[in-house]
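Architecture and fold: a report
One letter stands for each residue in the lines below.
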Amino acid sequence: MYDLDNIRQDFPILSRTIYDRPLVYLDNGATTQKPLCVLDAMRDEYLNVNANVHRGVHYLSQQATDLHEAARETVRRFINAASTTEVVFTRGTTEAVNLVAASYGEKFIGEGDEIILSTMEHHSNIVPWQLLAQRKGAVIKVIPINERGELLLDEYERLFSERTRIVSVTHVSNVLGTVNPVADIIRTAHSHGVPVMVDAAQSAPHLRLDVQALDCDFLAFSGHKMYGPTGIGVLYGKERWLEEMPPYQGGGEMIDTVSFEKTTFELPPLKFEAGTPDYVATHGLAVAIDYIERIGLDQIAAHEHELTHYCMEQLATIDGMRLIGQAREKTAVVSFLVGDIHHLDMGTLLDRLGIAVRTGHHCAEPLMNRMGVLGTVRASFALYNTREEVDALCQAVRRVAKMFK
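Residues numbered from 1 in each chain as written. Predicted model: local features only at pLDDT ≥ 70, side-chain atom pairs only at ≥ 80, totals over all residues. Heavy atoms only, no water.

Section: the packing of aromatic side chains
Selection rule: Each Phe, Tyr or Trp ring (for Trp, its six-membered ring) is paired with any other whose centre lies within 6.5 Å, and the angle between the two planes then decides the class: stacked below 30 degrees, edge-to-face above 60, tilted in between. Numbering goes from the N terminus for both helices and strands, where a helix is a DSSP run of H or I of at least four residues and a strand is a run of E of at least two. Relative accessibility thresholds used throughout: buried, under 20% of the residue-type maximum; exposed, over 50%; partly exposed, between the two (1.4 Å probe, protein chains only).
Enumeration over the complete set of coordinates arrives at 11 aromatic pairs. Residues Phe78 and Phe221 carry aromatic rings whose centres are separated by 6.2 Å and whose planes lie at 65 degrees to one another, so their mutual orientation is edge-to-face. With Phe78 in helix H3 (residues 59-79) and Phe221 in strand S9 (residues 218-222), the pair connects residues that are 143 residues apart, well separated along the chain. Owing to a relative accessible area of 0%, Phe221 belongs among the buried residues under this scheme. Residues Tyr104 and Trp241 carry aromatic rings whose centres are separated by 5.5 Å and whose planes lie at 75 degrees to one another, so their mutual orientation is edge-to-face. Residue Tyr104 is found in helix H4 (residues 93-108), and its partner Trp241 is found in helix H9 (residues 239-244); the two are separated by 137 residues along the sequence. The pair Tyr104 / Trp241 is uniform in exposure class, with both members buried. Taken together through their ring pairs, the aromatic side chains of Phe11, Tyr227, Tyr291 and Tyr384 make up a single cluster.

Quick word on the nonpolar core
Defined as follows: For our purposes a nonpolar core is just a set of buried Ala, Val, Leu, Ile, Met, Phe, Trp, Tyr and Cys residues, chained together by side-chain atoms within 4.5 Å. Any two residues having at least one pair of non-hydrogen atoms within 4.5 Å are treated as being in contact.
Grouped together as the largest cluster of nonpolar side chains are 75 residues, with contacts concentrated most on Leu219 and Phe221. For Leu219, the contacting residues outside a window of four places in its chain are Val198, Ala200, Leu209, Val211, Leu214, Val234, Leu235 and Tyr236. In this structure, Val334, Val377, Val397 and Ala401 belong to the second largest nonpolar core, which totals 29 residues.

Things to note about the packing of H4 against helix H5 (residues 127-136)
How we decide: Whenever a helix is involved, its axis is fitted only over the stretch in contact; in every case the axis is a line through C-alpha atoms, and angles between N-to-C directions fall within 0 to 180 degrees. Each angle receives one of four descriptions, namely roughly parallel if under 35 degrees, roughly antiparallel if over 145, roughly perpendicular if within 65 to 115, and oblique otherwise. Here is the rule for handedness: rotate from the far helix to the near one, and if that takes an anticlockwise turn smaller than a right angle the crossing is left-handed, while a clockwise turn gives right-handed. Under the scheme applied here, ten amino acids are nonpolar (Ala, Val, Leu, Ile, Met, Phe, Trp, Tyr, Cys and Pro), four are charged (Asp, Glu, Lys and Arg), and all others, including Gly, are polar.
In contact at an axis separation of 9 Å, H4 and H5 are set at 25 degrees when each is read in the N-to-C sense. When the axis of H4 is compared with that of H5, the two are roughly parallel. As for how H4 packs across H5, the hand of that crossing is right-handed. Residues Val97, Asn98, Val100, Ala101, Ala102, Gly105 and Glu106 of H4 pack against Pro128, Trp129, Leu132, Arg135 and Lys136 of H5. Split by residue class, the contact of H4 with H5 holds 7 nonpolar, 2 polar and 3 charged.

Okay, here's the thing in structure tokens:
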């Protein structure tokens, strides 16, 4: 049984008032709130186990190292990677994409080679590839979408050529909530001998991930979007790719031997983890994953699916409502506009009514251009949101809309 009352007690911030109104937090696509178990675990480590990892022979260092590497195993299990050698800790999805673009791109992409992205990518999965393309003289090709916000897979198939070197695509759109058929996308790419990177920042908190079943070559997600700390994320990479790719950064931790004549490097994943890792945050991420798994990803997905569709149904009854993104496969995100009301005006007034939503282009300007809008209002859901909060959102949107009539 999905016990929302007990779940919400794990998140004290949800009981706050904003402008003398109960907080309705619907900006989870940007960052989720953190349960007490995550905050307590991180505080406990700083108080009792704080020491640098991998380097020390003393007790605290060994204990901190054990927690750090146990977190890697927790992540491995969560995404069903074959080995912990395939789990690289990063600062988040953005750094993970930059790592692959820089490292894989340095070795495997040259002048005239092609990179396939999609229209609905976050800037973090566009700009690193653009920088690489500018540096290397490569070409970016883009998978188009239909009016519902779904990828056109027939058009995708036609983008491949003998110069295609990688596909990098989001699993779930941060604007539309569209769940892309990444398994089909990967199969098509592999039939052309092309590896695939999956941006799972918006899917990891909501959907069960299995990198072996997907057969993706790379996958990235962020801790702060799945009830964990900020500044920590994960890059999954197939071992064969991580072994062939050059280091992304140099420094301590990632070396085997150093002389002024030559440096040799550690094996993956340490080869890509230069400097002191945020070992407290990795422990916090592991506790967040354990928390999600205790509640149950399938139960979370069912709860959020119900909220999403209920929200769309209720918003659709408001005069002038325009729902942006109505894909058949959709989760946890509802973007909308009402009449001629600017998204910033709507968001600002909703805030005064205690409703926290995101407004703007959501770091997806090419998608906004495709949909013919400057920006949207976005409500995004998490495991602790309720139908009553959806009702509060819809009531507040109606109130704002009346103000502009």
